[in-house]
Amino acid sequence: MDNSSYRRAKNFRKLKRQLWLSFLLLPPALILIMFIFLPMASALLYSVYDWNGLIRGDFVGLENFKKVLLDPERNWFFFNALKNNVLVFISLMVIQNGTALVIALFLAREPKGARFYQVVFFIPVILSTVIIGFQWKMFLNPVFGLINKILNAVGLNDWALPWLGLPETALPTMILVNAWAWVGFPAIVFLAAIHRIPRDLIEAARLDGGSEWQIAKDIIWPLMAPAVTIIVVLTFIGSFNWFELPYIMAGLEGSPAYSTDMLGLLFYRTAFGSISAGGTEFGIGSALAVIIFLVIFVFSIIATKILVAREVELN
Amino acid sequence: MAQINMLGVSKRFGDLEVISDTTLEIKDGEFTVFVGPSGCGKSTLLRLLAGLDDLTSGEINLNKQRIDHLAPAKRGLAMVFQSYALYPHMTVYQNMSYALKVAKEQKTIIDEKVKKTAEILQLSEYLDRKPKELSGGQRQRVAIGRAIVREPKVFLFDEPLSNLDAKLRVQMRIELTKLHKKLKTTMIYVTHDQVEAMTMADKIVVINNGRVEQVGAPLELYRRPANQFVAGFIGSPAMNFFSGVIKDVTATGVHFDINNSGTSIFVKCPGADVSIGEKIQFGIRPEHFVFTKKTDQIVSGEVYAVERLGGETYIYMSSETEDNVIVHCNGDREVKIGEKIDVGFSIKDCHLFNSKGWAIR
């Protein structure tokens, strides 16, 4: 084969490979464009227009953003919901992910029935949020709910409260329900990360005289950093997109007294209307959506940068 | 002072017995090598000593004190892993000082010990580096340093050189031997490489299928292997074996025929416990063949491969009775593939093994 025909054959092979790769990439790219990038771009576009119901009005620049952040009649709702989302994130980090870490450390020791426990902890993760929300709403019912019945039965009558009816207890209760439902997911991720750590390292630390606590703190925790990065970022995204569970358990208004209001609920009420918010305010709702996106985006980038910096290669 | 005694040690994983009824004594200051093929149980035996696995039965004593019930860190042993097991997120200094830090040793003492050890191992300039910034040999030295700073009674090495290239392996072998001479501490070393075992050990423990086949000094195992497994395992290339049948047993030795060759050989072994008609294996090491007809016996064969290394030559041939016969000779010997050659050997270099594989002496 001479040089030119060799080059032609090589170029043809290259072209064939590129066509094949394009064919494989096209469907996911189309889905991403249609369902992620286009809605994002349109939300951005909607947020700078005035809207009369579903009819687009004049270009108003950043007016809708000002209303969300600076209008004294509105911004309380935004900052209240933001505070609640932050509270949800911090609480889930401590309660849900902290418990998940303990579970993972326990399961990593491969106790008898480890497989069974893994399944038990993971089952709620695969349940629909709607089922979980309604089930726990019934358990927490102040009159016939299982929780209060148990509390009364063991003599803790003073503790038998209308858990979802008090502003002080409604959000913490829902956070605990969320932690119950989702604890299996970070536990499995942490467990996989622990299993990835070479056994020799743990054994070397054991020979070095490390106690279980010292090994967990000095060896396992730093070496499972990639899993921690993923879980921190996913928990933040989940906390700031929290919608279904508060919607099912406390309604669209963030009852009682907006104590369970979230940015997602506020966006829905504003954009699509509700009893309290009145009619649809598409422009302001879109501005709110853009702000939520920016908060999540900026935090995820910063958190990822910081957390990735402490990751180490295992080999 | 650190003498180890293992008494009737066995280890089972479910139905699988990986170490069976092992009794072994390792003297103070001895460099003992556990050698055997992959999966023979040598690393398991080391892990039992270290306390990383529990015994199924038996006991382990260190200086006559039972230690098998103690936690790994309480046994006074330090282990160097095959993978080095360096903590990747810690610097060399932190790796070497971790055990002392955990033991709540004073900072000045930690500093002194780490720096002194780093000096011995020529690691002083790397103390601030992370393991991934080091070469294989340097990582190996850090792993050894981490063991040294603990000042253990016994060092355990689990195939520590197997991840290094051939040149570095030879260098580290010498370094470890020098270190043993310097520290005079009891060392137990696991390897599947019999060259490492032969060159480093004061005493070799040959293990096969979870059983100790023979214990002895390197040349003792080479010269007087207790059975066919040890004979085949110790020595490189491996010993050649020929099948034979006992024809006569006298007060001074045995006569046997090499299968299908019509060659009859007499070997001196007064009082040998064999019977006429018993099938035996007759072994001769590749380096004991000579290219002269002035020998006790001759083996003829056709050469099918030759490895000429300049300083030595390995000839692979098929004889009338065995397809694979290896001949080793010093210097360069020009032999062609397909050539028919005769090699001789002395009867005194022969090894005989009975039908159960035990040496006939």
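None of these values were measured; they are calculated from a predicted model.

Overview of the domain arrangement of chain A
Residue and element names in this part refer to chain A.
Moving on, step 1. Here chain A is partitioned into domain 1 (3-64) and domain 2 (72-309).
Moving on, step 2. Taken over C-alpha atoms, the centre of domain 1 sits 33 Å from the centre of domain 2.
Moving on, step 3. The interface is formed by 10 residues belonging to domain 1 together with 10 residues belonging to domain 2.
Moving on, step 4. Of all elements in the fold, only helix 1 (3-46) and strand 1 (49-52) reach the threshold of two or more residues within the side of domain 1 that touches domain 2.
Moving on, step 5. When grouped by side-chain class, the residues that make up the side of domain 1 that touches domain 2 number 6 nonpolar, 3 polar and 1 charged.

Some details on the nonpolar core
Moving on, step 1. Core analysis: the biggest nonpolar cluster contains 150 residues, and Ala104(A), Phe190(A) and Leu156(B) have the highest contact counts within it.
Moving on, step 2. Those residues in contact with Leu156(B) that lie beyond four places of it in its chain are Leu46(B), Leu49(B), Ala50(B), Leu77(B), Ala78(B), Met79(B) and Ile188(B).
Moving on, step 3. Core analysis: the next-biggest nonpolar cluster, separate from the first, contains 13 residues, Ala272(B), Phe282(B), Leu352(B) and Ile360(B) among them.

A short note on the domain arrangement of chain B
Residues and elements named next belong to chain B.
Moving on, step 1. If you check the domain split of chain B, you get domain 1 (4-230) and domain 2 (240-360).
Moving on, step 2. Between the C-alpha centres of domain 1 and domain 2 there is a distance of 38 Å.
Moving on, step 3. Contact with domain 1, which involves 5 residues of that partner, is made by 6 residues of domain 2.
Moving on, step 4. A per-class count over the side of domain 1 that touches domain 2 returns 3 nonpolar, 2 polar and no charged.

Quick look at the sheet that holds strand 14 (residues 279-284) of chain B
Strand pairing within a sheet occurs via backbone hydrogen bonds; the two strands may be parallel or antiparallel.
Residues and elements named next belong to chain B.
Moving on, step 1. Spatially, 6 strands are ordered 13-12-11-14-19-20 in an open sheet, and the strand pairing comes out antiparallel. Taken across any chain shown, the strands that pair with only one partner, and hence form the sheet edges, are strand 13 (264-268) and strand 20 (359-360).
Moving on, step 2. The pairing of strand 12 (residues 253-258) with strand 13 spans 5 bridges and is classified as antiparallel. Within the sheet, the bridge partner assigned to aspartate 257 lies in strand 13 and is serine 264.

Reading the values: rules and limits
- Residues numbered from 1 in each chain as written.
- Chains lettered and ligands numbered in written order.
- Predicted model: local features only at pLDDT ≥ 70, side-chain atom pairs only at ≥ 80, totals over all residues.
- Domains from an automatic or database assignment.
- Contact = placed C-beta atoms within 7 Å.
- Helix = DSSP H or I, 4+ residues; strand = E, 2+ residues; numbered from the N terminus.
- Nonpolar A, V, L, I, M, F, W, Y, C, P; charged D, E, K, R; others polar.
- Core = buried A, V, L, I, M, F, W, Y, C linked by C-beta atoms within 7 Å.
- Buried ≥ 20, exposed ≤ 12 C-beta atoms within 10 Å, placed from the backbone.
- Pairing = 2+ DSSP bridges.

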